[in-house]
Structure formats: C-alpha cells, structure tokens
Amino acid sequence: MKIFWLGEANFQRLGFTSRMREMVRRELPKYFPEHKDIILMLEKASRGSFRWNMEANGERFYVKMDFGRGPYSRKLKGRREAMFKFVKTQRLTGIYQIQQIFASHGEWVALEVLKFIEGTVTLDELLKKKMASNGQEATLFFRSLGRKIAESVEGVHTTKPSSLEVGGQIFLSDREKVYKKAIRDILKRMDVYMPVNEEHPLISRGDRLKLQEGLRKILRGWTGESNRLCLVHGDLHGENILVPSNSGIILIDFSPRVHLGEPRWDDGRLVADLLEKEIETGSPLPGEVIQGFIEKSEELTGDSLYRQGLCFGIFSMTLLKLFPKGRPIRDPEVARKYFSNSLRIIEAGCFSN
C-alpha cells in the first residue's frame, strides 16, 4: 500500500518531521488493510496540527493529526485515552475509524480518522450557508440545533473520570488542588495576556482594568466546587461540531486540550465563538444557536449559576481574540464590538441574551 501526501510542502515548516511521517506511514495502513492506496489531501495546517481529507478505495474520510516533540507525558496520554474511550463507549461519534496515539524516539502523533458522511457540514459551514436566511423557520431550526449541541456537550461533561478504566486515577489524585489551580490559571492568564501597563491599539487601560475587576468580582462570589470537575473538550467551536443531514450532533477534534476542568468554561468557549460570528456577520442566526444552547444546558444541568459560569469561558476567549499573545480578531471594528460585549457581560457578572 502507498500513501500519497498532497500538501507536504508545509511539513517541515510546521514541525512535522520525517520520523512522524514514518509513524503515520507505518500505522495508518493497519486500519485499512484491504485498501490499495491512500491519498491524503491537506485541508488546514498549523503548528502542531494538520487536517486532511482522505480517499481510500473510493471511500472518503476526515483525518486530524496532532503531533509534537518531547515525551508524551503519562497525564496527557491518560487524558486522550480516557476521552477516546468515552467517545467509543457512548457512541457519540460512531463514525470514528481510528483514535490512537503513536510515539517514537521522543516524538508523537495522535490520529483521529472519521468516515465521511454525505451531507455532513460543520456548524460554521452551515451558518455561512444559511446566513441570508430569515423568518421563523430559520429561527426555529438554529435554536433547535443549539439544543442538540447542548445535549452532546453535556454528554461529555457528565462523564465522570472515575467511570473510565483508563486515566481515571490521574484525574482523581487531588480534585480540590486541581480545581484551585484552574482558578489560579485564569488569573495568571489575565496578567500574561492583558498587562494593563502596556498600550493596546483598540482598548484603553481603563477598560482593561474594568474587565479585570469584573472577573475578580465574579471569582470572589463564585461558589463552584471541586466535585463539578469533569472531562471538558477544551476546543469547542463551530469547526469542531459536525451536523449530519439525517442525525444528531457529532463532536470532533478531542485534541491535547482535553483536560479536567470547570464545564462552564467549555460552554463559554463556544458561546464566545458564536458571539464573534454574530458581530462579524450581522446575522441573528448565531444568536439563535446560543439561545437554544443555553436554554437546554440550563435545563439539563439544573445549575442556577450556569450563566455566571459562562463568564469564565467568555473571558478566556476575549484574551485570545483581542490581545497580541493570543489569536487577535483582524477586523478592528469587529474587535471593538466584541470587547464591548465581553465587558458588558463580565461587568454584569452573568451572560444575558
């Protein structure tokens, strides 16, 4: 069997070494023994991650490759294996062909391979396609879609690490310590990403101080407990949510960001992503997804502090989307509106539509 790589000019520049390539060349065919040739067409590339479209004997697949150097730590390996086990046992993504981690000589590759389902699009693609749609039908469709997404996400969050054979002990060593560290990390990230003594082209020092004080106020009144800790996706946004034409929601890309954390930060990450799309496009449809998602999540969790908890995820994404050390929004007008919305939410202490 031969593997044909289309787009390999990006390999060396993005850190994908010849040893990593050899691991994929050696391991991937084991899962497709009856296929003569495999063609990998690069769709998206960034440092540490590739997305491919794969063809083998006329069948189509989606391939996600995370890779890196250095020892693949026991903790990270445990997290990935635990989440992979959850995905398989819960049948949330029954179209998975492979979810494996390979390591050799201090380098590693984590593979996710999904069978392509005709008519399946990402949430981002669907929103873009339907952006011009108006009326009650579009409103109801996207609000219903938000509810379905909430059910899938809550399926991840309600899986307790202790119920998993692989990796469970890693998570449960000291839950209180892990939870307090998660709180400290968000404060540390605030100081690193948003230093108030440095100039920012769009955001005044006074507004940055308001944002910081708003978050500290939320943290002072926060009554979250360590027993809320669960496995969280860690990279929940529109490109990682598949919407098949004839079934429910499929979550993909359980990347190295999978970790033990506060589930509302995961939800806030998705809400922040949709808020940006709402501002960028001027369409109400991302807002309908948000409304359906939050309504169903509150129903499923019974959490009276749900909207307060969303602020953590929204704040984290504000740091990434607006400050140089993250992945800043390129359009200055969109960035200004996004910050204004984020500041309003943080100062209010909870998310409101």
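Here the structure is a predicted model, which is why all the values come from computation and not from measurement.

A. Spatial organisation of the overall build of the protein chain. Along the protein chain, the regular secondary structure elements total 11 helices and 11 strands. Across the 353 residues that make up the protein chain, the buried fraction comes to 52%. In the protein chain, once contacts between residues fewer than 6 apart in sequence are set aside, the share between residues at least 24 apart is 70%. When the accessible surface of the protein chain is summed, it comes to about 17,000 Å², and 48% of that surface belongs to carbon and sulfur atoms.

B. Up close: the confidence of the model for the protein chain. Predicted confidence across the protein chain gives a mean pLDDT of 79, with 80% of residues reaching 70 or more. Every residue in residues 89–94 is under pLDDT 50, and counting partners more than four places away or in other chains gives 9 contacts. Per-residue pLDDT stays below 50 along residues 162–173; that stretch engages in 21 contacts with residues further than four places along the chain or on separate chains.

C. A look at the nonpolar core. In terms of nonpolar packing, the biggest core is built from 56 residues, with I149, V271, F293, F315 and F351 touching the most fellow members. Considering each element in turn, this core owes the most residues, 10 residues, to helix α10 (residues 306–322). Apart from residues no more than four positions distant in its own chain, I149 is found in contact with L123, I241, I249, L270, V289 and F293. In terms of nonpolar packing, the next biggest core, distinct from the first, is built from 24 residues, I38, F67, V109 and L111 among them.

D. Geometry of helix α1 (residues 18–27). Within the span of α1, buried status applies to M20, M23, V24 and E27. The buried side chains of α1 occupy one side of the element, clustering within an arc of 95 degrees when seen end-on.

E. Structural detail: the pattern of salt bridges. Scanning the entire structure with this criterion turns up 19 salt bridges. With a closest N to O distance of 3.4 Å, E27 and R26 form a salt bridge. A residue is classified by how much of its surface remains accessible, and R26, at 37% relative accessible area, is partly exposed. Two residues, K30 and E27, come together in a salt bridge whose shortest N-O distance is 3.2 Å. What makes K30 exposed here is its relative accessible area of 55%. The structure contains a network of salt bridges with shared partners spanning R26, E27 and K30.

F. Up close: the packing of helix α8 (residues 263–281) against helix α11 (residues 332–348). Interhelical geometry of α8 versus α11 gives an angle of 135 degrees and a closest axis separation of 10 Å. Between α8 and α11, the interaxial angle falls into the category oblique. Crossing of α8 over α11 shows right-handed handedness. Across the interface between the two elements, A272, L275, E276, I279 and E280 from α8 touch V334, K337, Y338, N341 and I345 from α11. Residues belonging to the contact of α8 with α11 are distributed by class as follows: 6 nonpolar, 1 polar and 3 charged.

Definitions and cut-offs
- Residues numbered from 1 in each chain as written.
- Predicted model: local features only at pLDDT ≥ 70, side-chain atom pairs only at ≥ 80, totals over all residues.
- Heavy atoms only, no water.
- Helix = DSSP H or I, 4+ residues; strand = E, 2+ residues; numbered from the N terminus.
- Buried < 20%, exposed > 50% of the residue type's maximum accessible area, 1.4 Å probe, protein only.
- Contact = heavy atoms within 4.5 Å.
- Areas by Shrake-Rupley, 256 points an atom, 1.4 Å probe, with all protein chains shown as cover.
- pLDDT = per-residue confidence, 0-100.
- Core = buried A, V, L, I, M, F, W, Y, C linked by side-chain atoms within 4.5 Å.
- Arc of directions from axis to C-beta.
- Salt bridge = Lys/Arg side-chain N within 4 Å of Asp/Glu carboxyl O.
- Axes fitted to C-alpha atoms, helices over the stretch in contact; angles between N-to-C directions.
- Parallel < 35°, antiparallel > 145°, perpendicular 65-115°, else oblique.
- Left-handed = near helix turned anticlockwise from the far one by under 90°.
- Nonpolar A, V, L, I, M, F, W, Y, C, P; charged D, E, K, R; others polar.

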